[in-house]
Amino acid sequence: MDNPTESPQLNLPPTMSLQPLTPPSDHISRMINANHHQSPSRAIYSDRFIPSRSSSNFDLFNISQPSPNSPAVADSHKDDNSGTYTALLRAALFGPETPEKKDVLGPPSGRNIFRFKSETRRSLHSLSPFGFDDDVASGVSHSPVKAPRKVPRSPYKILDAPALQDDFYLNLVDWSSHNVLAVGLGNCVYLWNACSSKVTKLCDLGIDDSVCSVGWANRNTHLAVGTSHGKVQIWDASRCKRVRTMEGHRLRVGALAWSSSLLSSGSRDKSILQRDIRAQEDFVSKLSGHKSEVCGLKWSYDNRELASGGNDNRLFVWNQHSTQPVLKYCEHTAAVKAIAWSPHLHGLLASGGGTADRCIRFWNTTTNTHLSCMDTGSQVCNLVWSKNVNELVSTHGYSQNQIIVWRYPTMSKLATLTGHTFRVLYLAISPDGQTIVTGAGDETLRFWNVFPSPKSQNTDSEIGASSLGRTTIR
């Protein structure tokens with residue numbers, strides 16, 4: 001049995017010998033005992049980052065005001081480029097050091113740096129990534145800001161329209177997809193070709209009758225004419241020939257609206273008649289609901305919904321097959337003649353009230369909700385949306401007789417146009433969506449360029465190419 005006190009022996013080859021261990025060197029000892037010995041020439045880094053404050057520029061954020069003899073001030077005098085950069089960055093972050101902003105930029109000592117403060121006014125149209133106003137400190141470069149679109153304040157053409165009635169409940173002007181304007185003057189209907197300026201007398205109803213409404217079919221040359229005797233005549237304007245006469249109303253027909261081959265007519269007898277001009281009958285259905293004269297009618301762009309307004313201060317929405325309104329809006333406090341469907345958003349409907357109301361209201365007929373209301377300050381006579389941009393035009397009566405171009409949905413005014421001396425009762429838009437025509441009891445028709453051209457259209461409108469002139473429509 002081996003002696004346990006003896007050291008174990010190793011079987012080594014004859015060429016190898018066991019050397020006694022030597023004490024470790026100082027370098028190895030320092031590596032082993034790194035926690036107890038620090039290198040005099042090298043800093044030891046750990047996983048915790050402690051920033052160095054020596055290179056921070058607190059003056060940039062007005063956290064402290066170093067003394068003139070401090071190293072930071074001395075360094076800033078030595079390096080002009082650093083000072084310029086600091087000024088530019090300060091202006092970009094906080095805006096110019098105007099008197100009203102000094103309290104924001106430089107809080108007095110002893111107060112919190114971050115505190116509630118009224119928001120400084122910023123430009124909505126700035127393209128700067130910081131979003132401050134255009135008139136910032138000099139030296140700060142900006143991205144180019146798109147200037148607001150300028151709407152000409154004067155009409156480019158005026159037509160005299162003798163005997164154009166000053167009646168709020170009539171609709172005597174309409175512009176066709178073939179660029180022909182129809183106007184009801186007394187007992188006659190006149191056509192004005194916007195390309196050639198040629199005037200044509202379409203019809204004469206006779207001395208005991210008068211024109212109460214006109215409405216072009218959407219895609220062809222058929223024109224509907226509503227009369228004071230409660231009849232609706234269909235005319236082929238290309239041949240100046242009457243196609244048919246339809247009855248059904250007991251009183252005057254002041255509102256017309258087309259939906260493909262379906263024609264809707266609204267009357268003082270409080271009813272709306274749906275007429276299919278392909279059918280032999282004068283009308284295929286009768287819509288009842290209004291308690292007074294129907295003075296506004298508009299089909300939606302998808303031809304699924306019909307909006308009607310009346311002198312009973314009501315706005316109704318009907319579908320293609322209903323004989324009772326599917327939606328009823330009673331918020332207006334005056335007659336609702338002005339009605340317009342948005343071409344940009346399905347189910348968005350705008351309506352305007354008369355003298356006692358003065359408001360433009362917006363509705364979502366898909367969700368049956370009232371979206372917003374804008375008090376215009378005067379009687380709302382007409383509304384029309386732009387097809388090219390998300391804007392709309394309203395015309396007004398008492399007391400300013402103005403035309404307003406609105407940006408939706410902010411309802412900020414792009415332009416206010418004046419010139420008519422009577423209520424602006426009639427409004428139509430050109431087929432290219434750039435020009436509107438307005439009519440008033442002052443017996444004039446005025447043409448205004450208010451909307452931009454479509455993005456795909458690079459040429460000038462044929463309508464707007466005419467020089468300003470004043471002629472008569474008959």
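Residues numbered from 1 in each chain as written. Predicted model: local features only at pLDDT ≥ 70, side-chain atom pairs only at ≥ 80, totals over all residues. Heavy atoms only, no water.

S.K.: Would you mind showing me how to read the pairing of strand β5 (residues 199-204) here?
M.R.: Examined bridge by bridge, strand β4 (residues 188-193) and β5 share five bridges and lie antiparallel to one another. The residue of β5 that forms the bridge with Trp192 is Val199. Linking β4 to β5, which pair antiparallel, is a turn of five residues; within it Ser197 sits at a positive phi near 65 degrees. (Pairing = 2+ DSSP bridges. Helix = DSSP H or I, 4+ residues; strand = E, 2+ residues; numbered from the N terminus.)

S.K.: I tried to follow the packing of aromatic side chains on my own but got confused; where do I start?
M.R.: Aromatic ring pairs are defined here through the distance separating the ring centres and the angle between the ring planes. If you walk through the whole model with that rule in mind, you get nine aromatic pairs. Look at Trp175 and Phe447: their rings are 5.9 Å apart centre to centre, the planes differ by 90 degrees, and that puts the pair in the edge-to-face class. On the criterion of sequence distance, the pair formed by Trp175 in strand β2 (residues 173-175) and Phe447 in strand β28 (residues 444-449) is long-range, its members being 272 residues apart. The exposure class assigned to Phe447 is buried, which follows from its relative accessible area of 0%. Seen from their ring centres, Trp192 and Phe447 are 4.9 Å apart, and the 45 degrees between their planes marks the pair as tilted. Taken together, the residues span a long stretch of sequence, with Trp192 in strand β4 and Phe447 in strand β28 at a distance of 255 residues. Each member of the pair, Trp192 as well as Phe447, is classed as buried. Counting every residue linked through ring pairs, the aromatic cluster contains Tyr156, Trp175, Trp192 and Phe447. The ring centre of Phe168 lies 5.5 Å from the NZ or CZ of Lys337, which sits over that ring. (Phe/Tyr/Trp six-rings, centres within 6.5 Å; stacked < 30°, edge-to-face > 60°. Buried < 20%, exposed > 50% of the residue type's maximum accessible area, 1.4 Å probe, protein only. Lys NZ or Arg CZ within 6 Å of the ring centre and 35° of its normal.)

S.K.: Please clarify how the sheet that holds β2 should be interpreted in this entry.
M.R.: Read across the open sheet, the four strands follow the order β2-β3-β4-β5; overall the sheet is antiparallel. In this open sheet, the two edge strands, each paired with only one partner strand, are β2 and β5. Pairs of neighbouring strands in the sheet enclose a mean axial angle of 20 degrees, with direction left out of account. (Axes fitted to C-alpha atoms, helices over the stretch in contact; angles between N-to-C directions.)

S.K.: It is not clear to me how the pairing of strand β16 (residues 315-319) should be interpreted in this structure. Could you clarify?
M.R.: The side chains of a regular strand alternate, residue by residue, between the two faces of the sheet. β16 sits mainly inside the fold: four of its five residues count as buried. Joining the antiparallel neighbours strand β15 (residues 305-310) and β16 is a turn of four residues, in which Asn313 adopts a positive phi near 70 degrees. Across three bridges, the pairing between β16 and strand β17 (residues 327-329) is antiparallel. When the bridges of β17 are listed, Leu315 appears paired with Tyr329.

S.K.: Would you explain the nonpolar core in this entry?
M.R.: In globular proteins that are soluble, nonpolar side chains generally tend to be buried together. Leu181, Leu223, Leu445 and Phe447 are the most contacted members of the largest nonpolar core, which has 40 residues in total. When residues of this core are traced back to their parent elements, those giving at least two are β2, β3 (180-185), β4, β5, β6 (211-216), β7 (222-227), β26 (424-429) and β28. Excluding anything up to four places from it in sequence, Leu445 contacts Lys157, Ile158, Leu159, Ala161, Leu164, Val173, Leu181, Val183, Val437, Thr438, Gly439 and Ile473. Residues Val384, Ile403, Leu414 and Leu417 belong to the second largest nonpolar core, which totals 15 residues. (Core = buried A, V, L, I, M, F, W, Y, C linked by side-chain atoms within 4.5 Å. Contact = heavy atoms within 4.5 Å.)

S.K.: What exactly am I supposed to notice about the side chain of Asn171 here?
M.R.: Its location among the elements puts Asn171 in the loop between β1 (157-160) and β2. Reaching out from Asn171, the side chain makes a polar contact with the backbone oxygen of Cys295 at a distance of 3.2 Å. Sequence-distant contacts of Asn171, that is, excluding residues within four places in its chain, are made with Cys212, Ser213, Val214, Gly254, Ala255, Cys295, Lys337 and Tyr426. (Polar contact = N/O pair within 3.5 Å; in protein donor to acceptor, adjacent residues only side chain to side chain.)

S.K.: What's the story with a positive patch on the surface in this structure? I'm lost.
M.R.: Taken together, the side chains of Arg250, Lys270, Lys286, Lys291 and Lys328 make up a positively charged region of the molecular surface. Looking at where Arg250 falls in the secondary structure, it is placed in the loop between β9 (241-246) and β10 (253-259). In this structure Arg250 comes out as exposed when scored by relative accessible area, which is 63%. (Patch = residues over 30% accessible without salt bridge, like charges linked within 9 Å, V, L, I, M, F, W, Y side chains within 5 Å. Areas by Shrake-Rupley, 256 points an atom, 1.4 Å probe, with all protein chains shown as cover. Salt bridge = Lys/Arg side-chain N within 4 Å of Asp/Glu carboxyl O. Lys, Arg positive; Asp, Glu negative; His and termini not counted. Charge placed at Lys NZ, Arg CZ, Asp CG, Glu CD.)

S.K.: Would you mind showing me how to read the pattern of salt bridges here?
M.R.: Oppositely charged side chains can form a pair if their charged atoms are brought close together. Enumeration according to the criterion identifies eleven salt bridges in this entry. One salt bridge connects Arg244 with Asp282, and the closest N-O pair in it is separated by 3.8 Å. Of the two residues, Arg244 is situated in strand β9 and Asp282 in the loop between β12 (272-276) and β13 (285-287); the sequence distance between them amounts to 38 residues. Here Arg244 falls in the buried class, since its relative accessible area comes to 19%. Assessed through its relative accessible area of 28%, Asp282 is described here as partly exposed. Taken together, the shared-partner salt bridges connect Asp167, Arg252, Arg268 and Glu293 into one network.

S.K.: Explain the environment of Trp235 here, please?
M.R.: Mapped onto the secondary structure, Trp235 falls in strand β8 (residues 232-236). On the accessibility criterion, Trp235 (11% relative accessible area) is buried. Along the backbone, Trp235 and Leu223 are twelve residues apart, and their C-alpha atoms lie at a distance of 5.1 Å. Of note is the side chain of Trp235, whose polar atom sits 2.9 Å from the side chain of Gln233.

S.K.: Is there a simple way to explain the sheet that holds strand β22 (residues 380-385) in this structure?
M.R.: Where strands meet in a sheet, backbone hydrogen bonds hold them as pairs that are either parallel or antiparallel. Overall, antiparallel pairing links the four strands, which are arranged β22-β23-β24-β25 in an open sheet. Two strands lie at the open edges of the sheet, namely β22 and β25 (412-417), each paired on one side alone. Averaged over all neighbouring strand pairs, the angle between strand axes comes to 20 degrees, with direction disregarded. Pairing of β22 with strand β23 (residues 391-396) involves five bridges; the strand directions are antiparallel.

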